[in-house]
Amino acid sequence: MTGTWTIFRREVGQYFAQPTAYLVAFGMLLLTGLYFNADLAFSVTERMVNPAVIPEFLSFILVFFAPLLTMRLLAEETREGTLELLLTAPVSDTPIVVGKFLGAWFYYTVLLALTFVYQFIVMQVTNADLGHSLCAYIGIWLYGGATLAVGLLFSALTENQVVAAFLAMATLLFLWLGDLAGQIVANLDLARLIRELTLGGHFSSSFAVGIVRAEDIAYYAGMIAIMLFISIRVVESKRWR
Amino acid sequence: MIEVENLTKHYGHHTAVDGLTFTADAGEIVGLLGPNGAGKTTTMRMLTGFMPPTSGSARIAGFDIFTDSLEVRKRVGYLPERVPLYPDMTVKGYVTFWAELRGAKQPRQQAERALEMVNLSDRRNTLVRNLSKGMRQRLGLAQALVHDPQVVILDEPTIGIDPQQVIEVRERVRALRQQHTVLFSTHILSEAEQICDRVVIINKGKIVAQGAPNALRQQLQHGVNLYVQISGANSATAGRLLSDLRGVQSVEAQGDGFIVRARQGADVRGDIAQRVVQAGYTLLEMRPVAMTLEEIFLDIVGKGQAS
Ligand SMILES: Nc1ncnc2c1ncn2[C@@H]1O[C@H](COP(=O)(O)OP(=O)(O)OP(=O)(O)O)[C@@H](O)[C@H]1O
Ligand SMILES: [Mg+2]
């Protein structure tokens, strides 16, 4: 895996050098902040503060933000011709794809860590369940990794960033809506199967309610592995054209 | 250092490179010369391990480009046709990145040295996006040299930059001799003639000629060209007079006189002198002119198209 570290560092550097990444960070923090504020104001008189409020909200907006973070990764390299140079460097295709993915995940982790500030605010106001919050954060961290992996795949498939982002959003939305579909299907087995396959199904009723289950971790890890595997194959196939 | 054998590449039904065989020895600069679409870029892409050949093989520093691709890539520096740049990186960061990725021992120092080599040291903290075109070309060259590769492959490094910079780039490439083996592509003949120890001329994916520029000229220069100037006759009559001679292949007006091309082996000088005087005109000048490599090139490339 020589080269992963070098690729990773360059990608992280790129995130901190590009306006798109800052806009995504700004948008994500603004939206989560507003949502958090509204939730807090609402719960003051009505109910207990939900310790998983931010991760739950993120599980929806990631459908749109993750593709914005990943659309560049391989599409830009293909279009600008830098991929030709990357593919003639003495590293195999795996570290190139993995390094890029880890770079995106790292940037996302930083953003996620910033939203954790809200948890401290909650703790000032009420004695919320920190364990529950942490659990939800672990979940949304993995969930985010999976959405980024999906985004990366579409960035590998096309050299047009807009197309990459759009297709990734559509796919993620589909995976997200699947969770809802699972809730309204009458046939219980079918409903369960649908939920098992969706991103949200492994988050909303486990991590989000404070439960860490091995199968959910395995689901996200597997999803990431499969997406990266396909992305690597796609990059490889670019050599044969 | 570079041994290419029967290298072939098909894109679908189209054959871009068709059975190339040539070699480049250590410390040699070899020029790959050909018109647009000849297959230069495709050849280089196979040699650098970017794409596998359809058939045939090539070895670089003793390693097969297909089975030992990673070993080959460690030893090759490559400047693609379209200089691949990361606009948001600094000049120094860009070169250091490639040094690291190619496993350089001291990436920072080596990056610094490469930048010095291409005169970009004073721009090390500039963002790549702010460089001029010529500087970008030089940065591309720095990237190809940073890990001190045995073999340097440059795809049309002088395209699209001003004449001053062209000269500089050519001098830089020339200076790579001895330490590196250079494979260099161009469609400009005089460039190949100036820089290369050996030229491989390709057209439509096939080699049409190869050798040292001088040897090539001699080998391909069939017949002798003469510059002839006659006074006393208008150009139409003089031209007819010359082209009627036996052994003359073609006559072309040039300036005040004509370029007379003789058939191979024929010496027409005596005949010309005699005929001009017989017709009552004066022979002002007659001297041999060497055929430029340019003409030779057009000649063989033209033949390739005709057949
Ligand atoms: N990716 C590709 N898919 C299909 N055909 C291709 C591809 N790349 C090149 N070709 C074709 O292969 C032939 C050789 O192209 P190549 O780029 O190697 O030529 P070249 O000698 O580098 O030309 P130029 O001087 O214009 O750069 C051309 O006919 C070109 O159209
Ligand atoms: Mg080319």
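Residues numbered from 1 in each chain as written. Chains lettered and ligands numbered in written order. Predicted model: local features only at pLDDT ≥ 70, side-chain atom pairs only at ≥ 80, totals over all residues. Heavy atoms only, no water.

Some remarks on the overall build of chain A
Next, step 1: Per the secondary structure count, chain A includes eleven helices and zero strands.
Next, step 2: Counted from the first residue to the last, chain A has its helices and strands arranged as α-α-α-α-α-α-α-α-α-α-α.
Next, step 3: Projected onto its principal axes, the C-alpha positions of chain A cover 60 × 45 × 30 Å.
Next, step 4: Each of the 241 residues in chain A was classed as buried or not, and the buried ones make up 55%. (Helix = DSSP H or I, 4+ residues; strand = E, 2+ residues; numbered from the N terminus. Buried < 20%, exposed > 50% of the residue type's maximum accessible area, 1.4 Å probe, protein only.)

Comments concerning unusual backbone geometry
All names here are of chain B.
Next, step 1: Its identity as a non-glycine residue notwithstanding, N6 has a phi of 55 degrees, on the positive side.
Next, step 2: Note on placement: N6 falls in strand 1 (residues 2-11).
Next, step 3: A positive phi angle is found at A61, which is not glycine, with a value near 50 degrees.
Next, step 4: Secondary-structure assignment places A61 in the loop between strand 4 (55-60) and strand 5 (63-64).
Next, step 5: Judged by relative accessible area, which is 25%, A61 ranks as partly exposed.

Re the environment of F97 of chain B
Next, step 1: Here F97 of chain B is to be found in helix 3 (residues 91-101).
Next, step 2: Spatially, the C-alpha atoms of F97 of chain B and R108 of chain B are 9.1 Å apart, while their sequence positions differ by eleven residues.
Next, step 3: When neighbours within four sequence positions are excluded, F97 of chain B is seen to be in contact with T6, I7, R10 and L86 of chain A together with Y86 and M89 of chain B. (Contact = heavy atoms within 4.5 Å.)

What to know about the domain arrangement of chain B
Much of the literature gives interface size as the accessible area that the parts lose upon coming together.
Next, step 1: When the domains of chain B are assigned, the result is domain 1 (2-218) and domain 2 (222-289).
Next, step 2: The gap between the C-alpha centroids of domain 1 of chain B and domain 2 of chain B is 45 Å. (Domains from an automatic or database assignment.)

Some details on the site of ligand 1
Residues and elements named next belong to chain B.
Next, step 1: Neighbouring ligand 1 are 13 residues; G37, K40, T41, T42 and E81 lie closest to it.
Next, step 2: A distance of 2.9 Å separates an oxygen atom of ligand 1 from a polar side-chain atom of N36.
Next, step 3: A distance of 2.5 Å separates an oxygen atom of ligand 1 from a polar atom in the side chain of E81.
Next, step 4: Protein burial of ligand 1: of its 630 Å² of free accessible surface, 66% is covered by the chains.
Next, step 5: Among the elements of the structure, strand 2 (14-24) and helix 1 (40-47) are those that each provide at least two residues to the shell around ligand 1.
Next, step 6: With three residues, the top contributor of residues to the shell around ligand 1 is helix 1.
Next, step 7: Taken together, the residues of the shell around ligand 1 break down into four nonpolar, six polar and three charged. (Near = heavy atom within 4 Å. Polar contact = N/O pair within 3.5 Å; in protein donor to acceptor, adjacent residues only side chain to side chain. Areas by Shrake-Rupley, 256 points an atom, 1.4 Å probe, with all protein chains shown as cover. Nonpolar A, V, L, I, M, F, W, Y, C, P; charged D, E, K, R; others polar.)

What about the pairing of strand 2 of chain B?
All names here are of chain B.
Next, step 1: Here strand 1 runs beside strand 2; their pairing, made up of seven bridges, is antiparallel. Opposite I2, over in strand 2, you have A24 as the bridge partner.
Next, step 2: Taking the residues that link successive antiparallel strands as the turn, the strand 1-strand 2 hairpin has two residues, and the phi of G12 there is positive, at about 60 degrees. (Pairing = 2+ DSSP bridges.)

Some points on the packing of helix 3 of chain B against helix 4 (residues 107-117) of chain B
Residue and element names in this part refer to chain B.
Next, step 1: Direction vectors running N to C along helix 3 and helix 4 enclose 120 degrees, while the axes themselves pass 8 Å from each other. It follows that helix 3 is oblique to helix 4 by the angle criterion. Read as a crossing pair, helix 3 and helix 4 show a hand that is right-handed. Along its contact with helix 3, which presents V91, K92, V95, T96, A99 and E100, the element helix 4 presents P107, R108, A111, E112, A114 and L115.
Next, step 2: Residues of the contact of helix 3 with helix 4, tallied by class, amount to seven nonpolar, one polar and four charged. (Axes fitted to C-alpha atoms, helices over the stretch in contact; angles between N-to-C directions. Parallel < 35°, antiparallel > 145°, perpendicular 65-115°, else oblique. Left-handed = near helix turned anticlockwise from the far one by under 90°.)

Some thoughts on the environment of L216 of chain B
All names here are of chain B.
Next, step 1: On the secondary structure map, L216 appears in helix 8 (residues 213-220).
Next, step 2: With a relative accessible area of 0%, L216 lands in the buried category.
Next, step 3: Along the primary structure L216 and I296 are separated by 80 residues, whereas in three dimensions their C-alpha atoms are 8.8 Å apart.
Next, step 4: The residues contacting L216, other than those within four sequence positions of it, are V199, I201, A209, Q210, G211 and I296.

Let's talk about the pairing of strand 1 of chain B
In the case of a regular strand, side chains alternate between the two sheet surfaces.
Next, step 1: Pairing between strand 1 of chain B and strand 4 of chain B: five bridges, direction antiparallel. Bridge pairing in strand 4 of chain B places E3 of chain B opposite R59 of chain B.

Brief notes about the pattern of salt bridges
Next, step 1: Tallied over the full model, the rule gives 26 salt bridges over all chains.
Next, step 2: Salt-bridge contacts for R198 of chain B lead to E28 of chain B; the nearest nitrogen and oxygen are separated by 3.0 Å. With R198 of chain B in strand 9 (residues 198-203) and E28 of chain B in the loop between strand 2 and strand 3 (29-33), this residue pair connects regions lying 170 residues apart in the sequence.
Next, step 3: A residue is classified by how much of its surface remains accessible, and R198 of chain B, at 16% relative accessible area, is buried.
Next, step 4: A salt bridge links K92 of chain B to E112 of chain B, with the nearest nitrogen and oxygen atoms 3.0 Å apart. Taken together, the positions of K92 of chain B in helix 3 and E112 of chain B in helix 4 put the pair 20 residues apart, joining distant regions of the chain.
Next, step 5: Put simply, R10, E11, R72, E76, E77 and K100 of chain A are held in one network by salt bridges that share partners. (Salt bridge = Lys/Arg side-chain N within 4 Å of Asp/Glu carboxyl O.)

So, the coordination of the magnesium ion (ligand 2)
Residues and elements named next belong to chain B.
Next, step 1: Ligation of the magnesium ion (ligand 2) by protein atoms is provided by T41 (OG1) and E81 (OE), these donors lying 1.9 to 2.5 Å from the ion. Taken together, the residues T41 in helix 1 and E81 in the loop between strand 6 (76-79) and helix 3 connect sequence positions 40 residues apart.
Next, step 2: Judged by relative accessible area, which is 36%, E81 ranks as partly exposed. (Donors = N, O, S within 2.8 Å, 3.2 Å for Na, K, Ca; no water.)

Focus on the packing of aromatic side chains
All names here are of chain A.
Next, step 1: Per the stated rule, a full pass over the model turns up 20 aromatic pairs over all chains.
Next, step 2: On the numbers, 5.3 Å between centres and 75 degrees between planes, the contact of F16 with Y107 is edge-to-face. Here the residue F16 occupies a position in the loop between helix 1 (4-15) and helix 2 (19-46), and Y107 occupies one in helix 6 (residues 93-115), the gap between them amounting to 91 residues.
Next, step 3: What makes Y107 buried here is its relative accessible area of 2%.
Next, step 4: Ring geometry for F116 and Y137: centres 4.7 Å apart, planes at 80 degrees, overall edge-to-face. Taken together, the residues span a long stretch of sequence, with F116 in the loop between helix 6 and helix 7 (117-125) and Y137 in helix 8 (residues 130-157) at a distance of 21 residues. Taken as a pair, F116 and Y137 share a single burial class, namely buried.
Next, step 5: What links up through ring pairs into an aromatic cluster is the set Y143, F203, F207, Y219 and Y220. (Phe/Tyr/Trp six-rings, centres within 6.5 Å; stacked < 30°, edge-to-face > 60°.)

A few points about the confidence of the model for chain B
Next, step 1: When pLDDT is averaged across chain B, the result is 86; 94% of the residues are at 70 or more.
Next, step 2: ipTM for the predicted complex: 0.88, alongside a pTM of 0.85. (pLDDT = per-residue confidence, 0-100.)

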